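Working through the structure, step by step
Here is what each chain is made of, one letter per residue.
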Amino acid sequence: MSITYLSQEKRFLLETNHSSYIMELAHHDFLSHVYWGKKITNYHGSNKILYRDRGFCPNIEPSDRTFSLDTLPQEYPQYGNGDYRPCAYQVKNEQNETFSDIRYVSHEIYQGKQPLQQLPSSYADEKDVETLIIHMQDKTLGLSIDLYYHVFPTCDVITRYAKFHTTQPLTLTKMLSASVDFRRDDFDLVTMYGAHNNDRNLDRRPLTSATTVVESMRGASSPHQTPFLCLCNHNADEQQGEVYTMQFVYSGNFHGSVHVDPYRNVRMQIGLQPFDCEWHLSPNEIFETPEVVMTYTDQGFNQMSKQLHTFVKQHIVRGIWKDKQRPILFNSWESLYFDIREDKLLEIADTAADLGIELFVLDDGWFKGRNDDNSSLGDWVCDTKKLPHGIAWLSEQIHQRGMQFGIWVEPEMISEDSDLYRTHPEYALQIKDREHVIGRGQLVLDLTSSNVRDYVVESICNVLRSAKIEYVKWDMNRHLTNIGSLFLETKHQRETAHRYMLGVYDIMQRITQQFPDILFESCSSGGGRFDLGMLCYMPQTWTSDNTDAICRTKIQYATSYMMPAITMGSHVSVCPNHQTGRITPMSTRFAVAMSGRLGYELDLTKIHEDEIPLVKQQIALYKQYRPLVQHGTMYRLKNPFTGNEGAWCFVNDKNVLAIYIKTLSEPAAPFRILRLQGLEEDALYQLNHGDVYSGSELMYAGISIPNTKEDFHSEVWYFTKL
Ligand code: DGJ
């Protein structure tokens, strides 16, 4: 039993294998938050909430000046009755009143978990998860809010969301998914920021007495901020310290915040972006907020990632690819861009097959009139000028060479220069009488409309049926503007951004369901939508459009905070690199690319003949160590954001693979040691069929890193456990 209700104490105890989460009904049936942290046995109320009369803090009961919502640690705080900190939700009734007051009514506890109705969500066998629903109500408003808690004991994860229903028409103007109040503020906040080609940089700072907001208003989770919040002790590092995280299972606009109040308490929240968003809720309808994944550990960031990676692998990613090894692919983008030519593709395919590549992916540029990025999106038919024999024939040729075949699509978009737009200009997201604002020469389809969604599903499924296709790269290359819909009534216009996301999930669900064997990879100009929402439909993501190995060292390092290596597309590309102009040794490009789902994105026919044996050897090596990288446990060892080096290792019960990347060669460079993690102290590990070391030696004494006079140098060590 991981969820218990103690009726005498009016206390909810949620327990994972190593953490406890405790709530209590406070005075007047308000739901208070009592504890989240390391597991407690036989909790008896030692840290009970203390009450005190504090100036300017309004009281629910005039006779009790010590009880105020402004100071009560709460689970799902409201607006209007005295709490001036950021609320978790806000509603408006028909009289335009925004006061709300929800109190505990009842609760349910059951084994198992239901999926959300229109949103992606985590899943588990009934025995692996337990659910608590706390029914809260504002009787005057007719508003009911059900707070859902799902406990996954073995992953040390709790997930949360809220469900709204009403007996009177209401407008929801803020509807976050999770809020937690800590009675302490001795934390650092870790978040990730970035941009196109510079996805996910780690940002860590001590909390200050203000609200720090991490959010997106772009219509996508975006590369700019990541829907991930992490609070940790000031001295937390990869191996020790308390860490608390919240991660949003959603791919659109989000809002995360950490607020420090005047009494040095912290409120951590995440959910849908309330800016430019409202939802009209009628009686008999429900509104579900997206799910939030929360984890706690007192053993630092590596343990945090271990918990999150296990959760992603077991309870987010689904379908036949969940546990399967992912193929090594060639992708045509950086070699041909829009210049797709049948003869050139086949020439590359010959080399790809010879090198040992398993999957050949035709990226952008294959469909009617698509010679640059200003046209043709929406017209999903083959350009026979470029591919005279068609896609089916090309796929056959690829299969004859012993590889699988994959294709690129961007289903959510429409170009003004397309047959689709000429016939259906109303299919684009738009505001009447306003000029379109263009992004990458294209518009966004109005997926709030079921007609538009049907068109997309049918046209994409036609492509996927037209040939033997085993892989699809699903791209999304611009953010939303002109956020309005010709298909929605006036009062629903401000629902457009969220309805768009519901539409995206609807078409993804329908398409992936029709082709359960296809391996889907999501992409948004790289990692612009690398979030848990997408991973519920597509088991891997193109991590970044930046393929420079040195930049990738940071991008993949930060991404690994939340996402396992198996989800990260990672390619060897040409030098000078197309994004940075950097020249990096092939060994380093491979060392970084092999730390995820390996691929190649360069004109393979131009690899120098001296390098061919090396590339063949690298591909063979990846095949040998693929189960370790894709299904083993990753430990970060050296942080490239704080120094000149990055390093990590992968460990399973048979092998260990350690990877070290140096950025610049230094004069008078120090001798460095790399200490591994995650090994068994007493087990023996053989290095590249040579010397044998104990786990304790490799973890505590470490390995001497050769001191080389070379920029962008890397080292890779392979160990076999004896
Ligand atoms: C952006 C992607 O991230 C690239 O890999 C490539 O697929 C282009 N789009 C194609 O337009």
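The sections below set out a description of the structure shown in this document. (Residues numbered from 1 in each chain as written. Predicted model: local features only at pLDDT ≥ 70, side-chain atom pairs only at ≥ 80, totals over all residues. Heavy atoms only, no water.)

**A closer look at the site of the ligand**
In the vicinity of the ligand, 13 residues are found, and the nearest of them are Asp-363, Asp-364, Lys-473, Asp-475 and Asp-545. Interatomic distance of 3.1 Å between a side-chain N/O atom of Trp-408 and an oxygen atom of the ligand. The side chain of Asp-545 places a nitrogen or oxygen atom 2.3 Å from an oxygen atom of the ligand. In isolation the ligand offers 290 Å² of accessible surface; the protein chains occlude 98% of this area. By residue class, the composition of the shell around the ligand is 4 nonpolar, 3 polar and 6 charged. (Near = heavy atom within 4 Å. Polar contact = N/O pair within 3.5 Å; in protein donor to acceptor, adjacent residues only side chain to side chain. Areas by Shrake-Rupley, 256 points an atom, 1.4 Å probe, with all protein chains shown as cover. Nonpolar A, V, L, I, M, F, W, Y, C, P; charged D, E, K, R; others polar.)

**Observations concerning the pattern of salt bridges**
Within this structure, the stated rule accounts for 42 salt bridges. Notably, a salt bridge pairs Lys-638 with Glu-645, separated by 3.9 Å at the nearest N-O pair. Bridged by salt links that share partners, the residues Asp-83, Arg-85, Asp-181, Asp-261 and Arg-267 form one connected network. (Salt bridge = Lys/Arg side-chain N within 4 Å of Asp/Glu carboxyl O.)

**Quick word on the packing of aromatic side chains**
The relative placement of two aromatic rings is captured by the distance of their centres and the angle of their planes. Using the criterion set out here, one finds 34 aromatic pairs in the structure. Ring centres of Phe-182 and Tyr-244 lie 4.9 Å apart, and the angle between their planes is 75°; on these two criteria the pair is classed as edge-to-face. Here Tyr-244 lies in strand β15 (residues 243-248) and Phe-182 lies in strand β10 (residues 170-182), a separation of 62 residues in the sequence. Accessibility assignment for this pair places Phe-182 and Tyr-244 in one class, buried. (Phe/Tyr/Trp six-rings, centres within 6.5 Å; stacked < 30°, edge-to-face > 60°. Helix = DSSP H or I, 4+ residues; strand = E, 2+ residues; numbered from the N terminus. Buried < 20%, exposed > 50% of the residue type's maximum accessible area, 1.4 Å probe, protein only.)

**Looking at the sheet that holds strand β22 (residues 359-362)**
As a general point, the strands of a sheet are linked pairwise by backbone hydrogen bonds and lie either parallel or antiparallel. Strand order in the closed barrel made by the 8 strands is β21-β22-β23-β26-β27-β28-β29-β30, with parallel pairing throughout. On average, each strand axis in the sheet is tilted by 30° relative to the strand beside it, whichever way the strands run. With 3 bridges connecting them, strand β21 (residues 329-331) and β22 associate as parallel partners. Opposite Phe-330, over in β22, you have Phe-360 as the bridge partner. The strands touched by helix α9 (residues 549-559) within the sheet are β28 (540-542) and β29 (568-573), with β29 carrying the most contacts at an inclination of about 170°. (Pairing = 2+ DSSP bridges. Axes fitted to C-alpha atoms, helices over the stretch in contact; angles between N-to-C directions. Contact = heavy atoms within 4.5 Å.)

**Re the sheet that holds strand β38 (residues 714-721)**
Strands sit in the order β31-β32-β33-β38-β35-β36 across an open sheet of 6 strands; the sheet is antiparallel. Taken across any chain shown, the strands that pair with only one partner, and hence form the sheet edges, are β31 (633-638) and β36 (692-694). With direction set aside, neighbouring strand axes in the sheet form an average angle of 25°. Bridge analysis of strand β35 (residues 684-687) against β36 gives 3 bridges, and the strand direction is antiparallel. By the bridge assignment, Leu-684 is partnered in β36 with Ser-694.

**Topic: helix α11 (residues 612-631)**
The first and last C-alpha atoms of α11 sit 28 Å apart over 20 residues, in line with the 28 Å expected at 1.5 Å per residue. At Tyr-625, α11 shows its largest kink, close to 60°, and the proline Pro-627 lies no more than four residues downstream. Those residues of α11 lying buried are Ile-612, Val-615, Gln-618, Ile-619, Leu-621, Tyr-622, Tyr-625, Arg-626, Leu-628, Val-629 and Gln-630. (Expected span 1.5 Å × (residues − 1). Bend = angle between axes of the 7 residues up to and from the residue.)

**A look at empty space enclosed by the protein**
Under the definition given, this model contains 9 cavities of 30 Å³ or more. Roughly 60 Å³ of internal volume is contained in the largest cavity. Phe-30, Leu-31, Gln-74, Glu-75, Tyr-76, Pro-77, Gln-78, Ile-102, Met-136 and Leu-147 are the residues that line the largest cavity. For the lining of the largest cavity, the per-class residue count stands at 7 nonpolar, 2 polar and 1 charged. Put simply, the second largest cavity is a space of about 40 Å³. (1 Å grid on protein atoms, 1.4 Å probe; cavity = no way out; pocket = protein on both sides within 12 Å on 5 of 7 lines; lining within 4 Å. Points joined across faces, edges and corners; volume = space filled by probe spheres on them.)

**Notes on a nonpolar patch on the surface**
Among the surface-exposed residues, Leu-684, Val-692 and Leu-722 lie close enough to one another that they form a single nonpolar patch of about 270 Å² accessible area. Mapped onto the elements of the fold, Val-692 is located in strand β36. Using a relative accessible area of 40% as the deciding quantity, one classes Val-692 as partly exposed. (Patch = residues over 30% accessible without salt bridge, like charges linked within 9 Å, V, L, I, M, F, W, Y side chains within 5 Å.)

**Here we look at the pairing of strand β20 (residues 292-297)**
Of all 6 residues in β20, 6 are buried, a share of seventy percent or more. Of the two faces of β20, the one carrying Val-292, Met-294 and Tyr-296 and the one carrying Val-293, Thr-295 and Thr-297 are both buried. Examined bridge by bridge, strand β9 (residues 157-166) and β20 share 4 bridges and lie antiparallel to one another. Looking at β20, one finds that Val-157 is bridged to Thr-295. Pairing analysis gives 6 bridges linking β15 to β20, with the strands arranged antiparallel. Bridging from a neighbouring strand, Met-246 pairs with Met-294 of β20.

**Description of the layout of surface pockets**
A volume near 670 Å³ is recorded for the largest pocket. If you go around the largest pocket, you meet 33 residues; those closest to its centre are Arg-318, Gln-509, Thr-512, Cys-536 and Tyr-537. It is helix α7 (residues 496-514) that contributes the most residues to the lining of the largest pocket, 8 residues altogether. Looking at the lining of the largest pocket, its residues break down into 17 nonpolar, 11 polar and 5 charged.

**What to know about the packing of α9 against helix α10 (residues 586-593)**
In the contact formed by α9 and α10, the axes pass within 9 Å of each other and the chain directions differ by 20°. Relative to α10, α9 is oriented roughly parallel. Regarding α9 and α10, the two cross each other, and that crossing is left-handed. Between α9 and α10, the contacting residues are Ala-549, Ile-550, Arg-552, Thr-553 and Gln-556 on the first element and Thr-588, Arg-589 and Val-592 on the second. Of the residues belonging to the contact of α9 with α10, the class tally is 3 nonpolar, 3 polar and 2 charged. (Parallel < 35°, antiparallel > 145°, perpendicular 65-115°, else oblique. Left-handed = near helix turned anticlockwise from the far one by under 90°.)

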